[in-house]
Amino acid sequence: MSAPTTYRQPVSRLWWLKKRTYLMFVLRELSSIFVAWFAVFLMIMIFAIGRGEESYRNFMNWAGSPVVIVINVVALAFSILHTVTWFALTPQAMVVRGPGSKQVPAKKEVTVAGRRMTAATVVRVGGRMPSGLVIASQYVGLAVVSAFIVWLVLQ
Amino acid sequence: MADSIQMRVTRYDPDQDSAPTVATYDVPLRKDWAILDGLNYIKDHVDTSLSYRWSCRMGICGSCGMNVEGQPKLTCATFLTDYAPGPVRVEPLSNFPIVRDLVVDIDDFMEKLPRVKPWIIRDDDVTVIDGEYLQTPTELEEYKQFSNCINCMLCYAACPIYGLEPDFIGPAAIALAERYDLDTRDAGQRERLDVLIEREGVWGCTFVGECTRVCPKHVDPAGAIQRYKLKAAQENVMAFLLPRAAR
Amino acid sequence: MSEGAAAAHDVLLVGGGAAGLRAAIAIAETNPSLSVAVISKVYPMRSHTVSAEGGAAGAIADNDTLDEHAYDTVSGSDWLCDQDAVEAFVQEAPRELLQLEHWGCPWSRQPNGRIAVRAFGGMKNMRTWFAADKTGFHMLHSLFQTSLKYTDVRRYDEWFVTRLLVDDGRVHGVVAIELRTGRIEAITAKSVVLCNGGSGKVFPFTTNANICTGDGMSLAYRAGAPLKDMEFVQYHPTGLPFTGILITEAARAEGGWLLNKDGYRYLQDYDLGKPEPTPVLRSMELGPRDRLSQAFVHEVEKGRTIESPYGPIVNLDLRHMGEKLIETKLPMVRELCIQYERIDPVKELIPVRPVVHYMMGGVHTDINGATPIEGLFAAGETACVTINGANRLGSNSLPECLVFGARAGKAAAEYASGAQQPPPVVIRQADDEVRRIDQLRAAGRGTERIADIREAMQATMEDSAGIFRSGDSLTKGVDQLADLQQRLQRVQLSDETQVFNTELVAALELANMLDIAETMLQSALLREESRGAHQRTDFTTRDDEHFLNHALAYREEDGAVRIERLPVTITRWPPGERVYGR
């Protein structure tokens, strides 16, 4: 006797509109396109500078045009979204350990000369930095690097 | 507070129906009643044919997961008054095939669970005569969160990847693999990595994070998966740099 | 309809909780060539083992001895346990718990990494191992995940066993409904181990899950095996008022107090010791469960309990224990209170009352889990070996599942190794059963609602066989149950779909529960004394001369209950006085 028919629930193509968190996820993912755009923009700018005074002026005119400005404003917004979301997710995705952690013995399977065997190893446990600290330290890092770049550019 | 609340419940009879329908029932609105109490009222007094799974009614057995107003919830731990004045829509858990009414087919998960080898793997000859493996509270804390999974499947219902790519091993299974990897008594990290380093393993996940948001036991499967990805990437790099050495 | 059996195995384990899974692993390890199957009406991780909270006892502390664990268990049982079984149990419990540790169970630890133990009710020493306050959950999941290693163990998930196939005093397998399809099949086996848990749903207020309907006990009873000590029903002193959700004894072991409406620690009035600020073993809130539940009833009679919409309650006070302790040792208790009572135990009192929790009684087995029917074994709460006698101590039932699950599994495997194939006559029995269920399904237009009969049964049991019973209340209960059996014959089954028909399952479970309830009342009626959890208002003292024995309930042809008696096995501890708090 064959199994009775189960009903396969269809997944809508607009699944990402069904919850605010899904929408935020999709926007977060899309933001990488705009981060890439900034990288490209920067490269164009550097290239233009390298080609001389006139090339640079052409570039600045182009960059000043309304279309490019709108694109860059949107891209800035998405880049901020990108930064804020990824900084916030870092403590969840990675375990950052502070001075309170220690090494303890553990075991792991290794392959030696084609044979699997158990070997002694060490792992780190404990001392996990609180998420607030991890997130804050990233912003501090961002601020430091930004300050340095600004100083460099203003030289 | 009103006397009653309307529940709009999915019905599906595989013998008669080609697709699920919605039935409407009025149940008493009591401040202590969970959605599950509403369903029990319907089954006991209105329509005895309504079928759904439940057991412990205290949020530990994982049987009663359903979609309530579109969100995966444990119906024993979700209260009618939170949806007053109603109506409240109760559907089977998303992303799973429907067997009957609110009962879904979880065979896919039951098949995936053993694939990640969720047991202690080690090959020394320590027996119980030798006593317990030592494990300090700090070491226990490393994996404890991931050991709290009740297999309720709300995370699979919330995961859009699982909905779109049914081959994805999924949040709970990967979190359980991480639970064993982080247990200092286990040595099986390599074996689980071989299973999870595939596309339907950890790399299928794009860190939507909804699984963690819906988990009633605060397991954080999304965190487990990202950590696993880091581990997998590190292994790949090591393998690349030291191809023949013990690793 | 089936022609021939759907499958044949050597050993069939009915029930996938701690006892069933432990048995399966034991057989897979010691007799890997045998064909083993686990059949359960729910997926194994849903088994009621999962709800156990407080801990599992095993004597490992330096200042603890097996004899002391045994003595605590014997006196806790009010001398009704079989002491040879208790001696075997206390010896094997630590080994089983250690085995579980090796299988990954996340036992809570001392700072030096060794297993931590805590105090528990009725125990003179700290010997209760615990995994936070979710011990049953962690044990079950460790067992289930470990069992996945043994790929040869076949599982029948969501199959409901409706009867045992028995011929000539020997068991040959089961008939079961595959819930997914509605198919009814025979599965033959050379030996069967019943691990179906207890039957708390016979009562209206219980910590038990919906699935605890005494299926295993009823299967054995109808097949001719006796049920032992059915009159002993444990009320856990602290369940939440509406839901009956368990608030673990560990809350008291870690320092909680029981207060009546005047904020008074009333247990001191009941020969349970003097109140101290910190817990004293075997005293006050760490007394045995039967005495604490009985104290509650006395407080109700004195008008010193608090009226709630769900009846009288008292309060459990954890406020003096501090947030840090509660978060570390009792996190689930806190969560349950916040969620289901909307109170935070760190700052507020928890309303509690005694609720039915555990069946000391069950299928009569010997020390290896064997019932009088050849090839039929039982373990866990379904069985009555008995180590619990008239009252079980908290944290003894989880190791009981492991110890006797392993024993029964191995004994069943040994039996199966030497047994013949089932004779063809059992297939005819199976066909009869299929016909019976089909007829039941077709009954359709009955007049009685399942829920109505069930609620009437539960009300009857609470009134006639609660914490205190009398000859009158019990006799009245017997009559009411007889009437309910009649009403069950006219039950209405209106669900015509075969796929996942939970109405049919509910009707079959109700039939199981009515049988169990009858044995409980008859056994209670014939025990004219008060002992442990069985307290008669008309026979208020313990009578060792006439009743230092077990009641064995047999089913007669016409469905009546026949009680025989079986003496208690005393080895080293002659009956004495149960002393707590002194």
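Cut-offs applied
Residues numbered from 1 in each chain as written. Chains lettered and ligands numbered in written order. Predicted model: local features only at pLDDT ≥ 70, side-chain atom pairs only at ≥ 80, totals over all residues. Heavy atoms only, no water. Helix = DSSP H or I, 4+ residues; strand = E, 2+ residues; numbered from the N terminus. Rg over C-alpha atoms; globule rule 2.2 N^0.38 Å. Buried < 20%, exposed > 50% of the residue type's maximum accessible area, 1.4 Å probe, protein only. Contact = heavy atoms within 4.5 Å. Areas by Shrake-Rupley, 256 points an atom, 1.4 Å probe, with all protein chains shown as cover. Lys, Arg positive; Asp, Glu negative; His and termini not counted. Charge placed at Lys NZ, Arg CZ, Asp CG, Glu CD. Salt bridge = Lys/Arg side-chain N within 4 Å of Asp/Glu carboxyl O. Polar contact = N/O pair within 3.5 Å; in protein donor to acceptor, adjacent residues only side chain to side chain. Pairing = 2+ DSSP bridges. Axes fitted to C-alpha atoms, helices over the stretch in contact; angles between N-to-C directions. Buried area = accessible area lost by both parts, 1.4 Å probe. Patch = residues over 30% accessible without salt bridge, like charges linked within 9 Å, V, L, I, M, F, W, Y side chains within 5 Å.

Novice: Describe the overall build of chain C, with residues and values.
Specialist: Across its full length, chain C holds 15 helices and 22 strands. Taken over the C-alpha trace, chain C has a radius of gyration of 23 Å; the compact-globule value for 582 residues is 25 Å, and the two agree within 12%. Considering only C-alpha atoms, chain C reaches an extent of 70 × 55 × 50 Å along its principal axes. A burial count over chain C gives 69% of its 582 residues as buried. The long-range share in chain C, meaning contacts at least 24 apart out of those at least 6 apart in sequence, stands at 74%. Summed over all atoms, the accessible surface of chain C reaches about 18500 Å², with 48% contributed by carbon and sulfur. Computing the positive centroid from 61 side-chain charges and the negative centroid from 79, chain C places the two 3 Å apart.

Novice: An account of the interface of chain A and chain B is requested, with residue identities and associated values reported.
Specialist: At the interface, 36 residues of chain A touch 52 residues of chain B. In this assembly, chain A and chain B are joined by two salt bridges. Residue K19 of chain A is joined to E210 of chain B by a salt bridge in which the shortest nitrogen-to-oxygen separation is 3.0 Å. Along the contact surface separating chain A from chain B lie 13 residue pairs in polar contact (both at pLDDT 80 or more). Looking at the side of chain A that touches chain B, the elements that each hand over two or more residues are α1 (20–50), α3 (66–93), β1 (102–112) and β2 (115–125) of chain A.

Novice: Outline the pairing of strand β7 (residues 159–167) of chain C, listing residues and values.
Specialist: Remark: a regular strand shows side chains that alternate across the two faces of the sheet. Residue and element names in this part refer to chain C. Burial runs high along β7: seven of the nine residues are buried. Where β7 lies against strand β8 (residues 170–178), eight bridges are found, and the strand directions are antiparallel. Within β8, the position partnered with V166 by the bridge is V171.

Novice: Which residues make up the sheet that holds strand β5 (residues 88–91) of chain B, and what values do they have?
Specialist: Strand pairing in a sheet relies on backbone hydrogen bonds, with the paired strands running either antiparallel or parallel. Residues and elements named next belong to chain B. Read from one edge to the other, the open sheet built from five strands follows the order β2-β1-β5-β3-β4, with strand pairing classed as mixed. Two strands in the sheet have a free side with no partner beyond their single neighbour: β2 (21–28) and β4 (71–74). Averaged over all adjacent pairs, the angle separating strand axes in this sheet is 35 degrees, with direction ignored. Pairing analysis gives three bridges linking strand β1 (residues 4–11) to β5, with the strands arranged parallel. By the bridge assignment for β5, R8 is matched with R89. Each of β1, β2, β3 (65–68) and β5 is contacted by helix α1 (residues 35–46), which is oriented at about 95 degrees to β2, the strand it contacts most.

Novice: Before we move on, could you go through the interface of chain C and chain B and cite the residues and values that matter?
Specialist: Listed by partner, the interface residues are 67 residues for chain C and 69 residues for chain B. Both faces considered, chain C and chain B share a buried interface measuring about 5600 Å² in area, 52% of it formed by carbon and sulfur atoms. The largest contributions to the chain C side of the interface with chain B come from R46, H102 and Q145 of chain C, which together make up 13% of the buried area. Joining chain C to chain B, the criterion identifies eight salt bridges. The salt bridge partner of D495 of chain C is R100 of chain B, with a shortest N-O separation of 3.0 Å. Scanning the region where chain C abuts chain B turns up 36 residue pairs in polar contact (both at pLDDT 80 or more). Within the residue set of the side of chain C that touches chain B, elements represented by two or more residues are α3 (83–102), α4 (135–147), β6 (154–157), α9 (331–341), α12 (450–464) and α14 (502–526) of chain C.

Novice: Just give me the short version of the side chain of N40 of chain B, but keep the residues and values in it.
Specialist: Residues and elements named next belong to chain B. Here N40 shows up in helix α1. Overall, the relative accessible area of 14% leaves N40 in the buried class. Residue contacts for N40: discarding those within four places in its chain leaves Y52 and W54.

Novice: How would you sum up the sheet that holds strand β18 (residues 383–384) of chain C? Please name residues and give values.
Specialist: Residue and element names in this part refer to chain C. Spatially, the five strands line up as an open sheet ordered β18-β16-β10-β21-β22, and their pairing is mixed. With partners counted over all chains shown, the strands left at the sheet margins are β18 and β22 (561–567), one partner each. Here strand β10 (residues 227–228) pairs with strand β16 (residues 362–364) via two bridges, running antiparallel. When the sheet's bridge partners are listed, K228 is paired in β16 with G362. On the sheet, α14 packs against β10, β21 (549–555) and β22 and is oriented at approximately 55 degrees with respect to β22.

Novice: Residues and numbers for a nonpolar patch on the surface, please.
Specialist: Among the surface-exposed residues, V140, V144, V145, F148, I149, V150, W151, L152, V153 and L154 of chain A lie close enough to one another that they form a single nonpolar patch of about 1000 Å² accessible area. Turning to its location among the elements, V150 of chain A is positioned in helix α4 (residues 131–153).

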